[in-house]
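Each chain, letter by letter, is given below.
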Amino acid sequence: MSDTARSLVTIFAVLLGALTLAGGFIWVERRLLALFQERWGPNRLGPLGLFQGVADMIKIFMKEDWVPPFADKPVFVLAPMLIMVTTLASLAIIAFAPGLVVADLNIGVLFFLAMSSLGVYSVALAGWASNSKYALLGGMRAVAQMLSYEVFMGLSLMGVVMMAGSFRLTDIVAAQKSLWFCIPQLPGLAVFFIAGVAETHRSPLDLPEAENELVAGYHTEYSGMKFALFLLGEYVGMTVVSAMIVTLFFGGWAGPLLPPVVWFLVKTLFLMCLFIWLRASFPRPRYDQLMLFGWKVLLPVSLLNLAVTGAVLLVRGA
Amino acid sequence: MNERPGVFSELQARFGEAALTAQATRDGLPTFWAPAGRAAELLRYLKTEAPGPYRMLYDLTAIDERTRTRREGQPESDFTVIYHLLSFDRNEDIRIKVALKGDSPAIRTVTDLWPSANWYERELWDMFGIRVEGHPHLRRILMPATWQGHPLRKEHPARATEMPPFRLPDEKETAEQERLQFHPEEWGLKRHGADTDFMFLNLGPHHPGTHGLLRLVLQLDGEEIVDVVPDIGFHHRGAEKMGERQSWHTYIPYTDRVDYLAGSLNNLAYLLAVEKLAGIEVPDRVKTIRVMMSELFRIISHLVWYGTFAADLGAMSPVFYMFNDRERAFDVVEAICGGRMHPNWFRIGGVAQDLPEGWDRLMREFLAYLPARLKDYDGLVMRNSIFKGRTKGIGRYSLDEAIEWGVTGPGLRACGLEWDFRKKRPYSGYEWFDFEVPTAQNGDCYDRAVVRVAEMRQSLRIIEQCVRNMPAGPYKSDHPLTTPPRKERTMHDIETLIHHFLNVSWGPVIPAGEAFHGIEGAKGSNGYYLISDGNTMPYRVRIRTPSFPHIQMTPLISRGLMVSDLIAILGSIDYVLADVDR
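A few words now on the overall build of chain A. Across its full length, chain A carries 11 helices and zero strands. Seen in sequence order, chain A has helices and strands lined up from the N terminus as α-α-α-α-α-α-α-α-α-α-α. Its C-alpha radius of gyration of 20 Å places chain A within 12% of the 20 Å reference for a compact globule of 318 residues. By principal-axis analysis of the C-alpha atoms, chain A measures approximately 65 × 45 × 45 Å. A total of 318 residues make up chain A; the buried ones form 51% of that total. When the accessible area of chain A is evaluated, it comes to approximately 14,100 Å², of which 75% is carbon and sulfur surface.

Moving on, we come to the nonpolar core. Residues Tyr83, Met292 and Met293 of chain B are the most contacted members of the largest nonpolar core, which totals 175 residues. Residues Leu155, Leu157, Phe193 and Leu205 of chain A belong to the second largest nonpolar core, which totals 62 residues.

All right, on to empty space enclosed by the protein then. All names here are of chain A. Summed over the entire model, instances satisfying the criterion amount to five cavities of 30 Å³ or more. The volume enclosed by the largest cavity comes to roughly 220 Å³. What lines the largest cavity is a set of 18 residues, among which Thr87, Ser116, Glu199, Thr200 and Gly237 lie closest to the centre. Counting residues per element, the ones that place at least two in the lining of the largest cavity are α3 (73-91), α4 (108-129), α5 (133-164) and α9 (224-249).

Take the sheet that holds strand β15 (residues 538-544) of chain B next. Each strand in a sheet pairs with another by means of backbone hydrogen bonds, the pair being arranged parallel or else antiparallel. All names here are of chain B. Across the sheet, which stays open at both edges, the three strands sit in the order β13-β14-β15 with antiparallel pairing between neighbours. This sheet does not close on itself; its edge strands, each paired only once, are β13 (513-520) and β15. In this sheet, adjacent strand axes meet at a mean angle of 10° when their direction is disregarded. Looking at chain direction, strand β14 (residues 525-532) and β15 are connected through six bridges and run antiparallel. Across the sheet, Tyr529 pairs through a bridge with Arg542, a residue of β15.

Residue and element names in this part refer to chain A. There is a patch of nonpolar side chains on the surface, built from Leu45, Leu48, Leu50, Phe51, Val54, Ile58 and Met62 and spanning about 700 Å² of accessible area. Along the chain, Met62 falls in helix α2 (residues 52-62). For Met62, a relative accessible area of 67% gives the class exposed.

Rules of the game
- Residues numbered from 1 in each chain as written.
- Chains lettered and ligands numbered in written order.
- Predicted model: local features only at pLDDT ≥ 70, side-chain atom pairs only at ≥ 80, totals over all residues.
- Heavy atoms only, no water.
- Helix = DSSP H or I, 4+ residues; strand = E, 2+ residues; numbered from the N terminus.
- Rg over C-alpha atoms; globule rule 2.2 N^0.38 Å.
- Buried < 20%, exposed > 50% of the residue type's maximum accessible area, 1.4 Å probe, protein only.
- Areas by Shrake-Rupley, 256 points an atom, 1.4 Å probe, with all protein chains shown as cover.
- Core = buried A, V, L, I, M, F, W, Y, C linked by side-chain atoms within 4.5 Å.
- 1 Å grid on protein atoms, 1.4 Å probe; cavity = no way out; pocket = protein on both sides within 12 Å on 5 of 7 lines; lining within 4 Å.
- Points joined across faces, edges and corners; volume = space filled by probe spheres on them.
- Pairing = 2+ DSSP bridges.
- Axes fitted to C-alpha atoms, helices over the stretch in contact; angles between N-to-C directions.
- Patch = residues over 30% accessible without salt bridge, like charges linked within 9 Å, V, L, I, M, F, W, Y side chains within 5 Å.
- Salt bridge = Lys/Arg side-chain N within 4 Å of Asp/Glu carboxyl O.

All quantities given are derived from atomic positions and should not be read as evidence of function.
As structure tokens, then:
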């Protein structure tokens, strides 16, 4: 009984924490981007403009829940839910602090990969169900992009898994006691980070929604709450990827003085800011260039990383 | 008045004495009347055989001559079609006029000679109702397909008040909507290939990547562009027609809004043509002030291009930096002119006011501010490898293609031809300044960017020289047609008072005649061809804008590329829709 209660509390804590973080992060992103771009950003509502997010939320809730008449209604409604479900589900395996984890699965890493693969459906279905050409092109790009990046994403993590000898995230954190994996697994980190940007289709790899080309890509026809789900899904996705990078490469909750959960949050936030910095800095590659880069650069790098890690482990073990 | 009898005798030797009639014009540009039957032959000769050939069709337009009174020495004509050709070898222009008779005139097409004639001839049909025989696709271009009448004909009303009240009964609405239905065949597009069904994508008129009201109909195979058809006219405001009902003076603000990113540069092109007609020589101070403001506006226009081009390629930040820089430039413009984007500050025979106290400090601050920023942008944009990957080899055209299609400005210089009207035909005192004409070799999106970025630095150099050497003296000419005239003496002698009164109330009466002046605008060569019938209003205003031929060329350089490349190409062309549609 107390176990169940404990799980429930954890679930709500994580859910609330993550959603607040993701929602609040929209404000951070806007202010930070503004800082990068010599402007103010939202600074009028509440202290430092903090209530802007609340105002936006109210606006979005008040909007008419509209489905375009030409869309495939059930799928159109299902698509934004999917992205929320998959990203929130991947939150379940993340260990924020010792004991603060919803499900400490022994296949944690695989579960994360599985969920991020399922996330593709959301974008693809949104693009298809909208029955609009821009959305279709966006959906098409998303599928191509995410399927290719899925491959290196998985491969880039295998080095970490081999070193830790487990798919369980708490084991991986424990394995980084002496040395964070970001040092021996630097190539893996680089590939995973890039793949993470592509998976969450954040700028500069936001090809599925490339505003200047496809208006808004796969979510062109969405508005109101359903649009907000995509937006929130993207931010939760970004949080999850950042949290995964922290767990897998930066020692998870480990750190001196401060409580573990604070360390975890600080590291995650830092990585999320990196996402924003990236967004502020780079132009967007073309869709074939992105594929080419993936298959010709990232795939060999992650394979090489895998082989070298394996060889080193083998030599050490022998 | 023809300073170069060379071309005339050359043509007479070839086509016989009787074939051509020379016409004297105020701008001294060799102007000849050719009989309708022989025009095509003559143009072909000029383009292909003549020594120092006239390879570029710089402009093609018409005049409705039916109500014109002052046509001394010109052959009878109801509608005159004018071919304005440009020879790079001779650094000379030629104007060939063809007289057409009757209310439904017709002329042979020259699209077989110049592909760029296509849109110009459609405009002839649209605006004047001149049928162009043999034209591959003679449809309206600027006006809606359902428009009644041809706007630049003199009988067509110029104001809404001259027309009956607008009504939209149901049947008309239905008819209009039906007319908007998309039929690929009408656009010359194919529905099916050998083994594919094509997708048609309507890009615009409202689309974040088109920078204004431009519609492009894409025929796609996946994301690959099989064909593109630009549809223009959404931004058409009748700038040329308005010229015919505004006084010479009150037309100046309209010019600001043609290339609305380049403010003063438009004023300059228009006023240089007016001053040619009126025979006004402006003081050196005026010339220098005009050059300074024009170069500042060139920078302003290029900054907008720079930022939006980067944004088109998905870079989010540059546009904010560049718009901030532009704000700084506007602060200077505002201090000097009062206005910002549309300063409307140049006047016939001068500028509106003298430079305000402290202008040089502001200008120097800006001169000190921008170079460091431009250097930052080199790293942020030009040297970025993703940016290079997106722009190098994309949207490429050769020098020959550029000339065929009427490309001027940075787009031409990116193909390796060092052709800048400021250098080749200095106007408004550009010969006094020391600056270089940047060029590049490949004619792709990247090289067009390289040229523009280098041009900003050259413009800074010119402005710096203006600040250093600003001549003293009056800011208006003494010429009686200067508008508004110099005020100082109005209360002291009756002559000045009368001129002041007339020029301010009716506006100046510009002597009858024709004059063209083309300048190196921000986007290419911008020129005004003005015809005066000795009245307070122009008889005809023709605005030759660079964006029109540039947009016409997009299909040529976009086929076989991806949608993303098309956006890069559009960004690299640097057009303004008001400049396309006028």
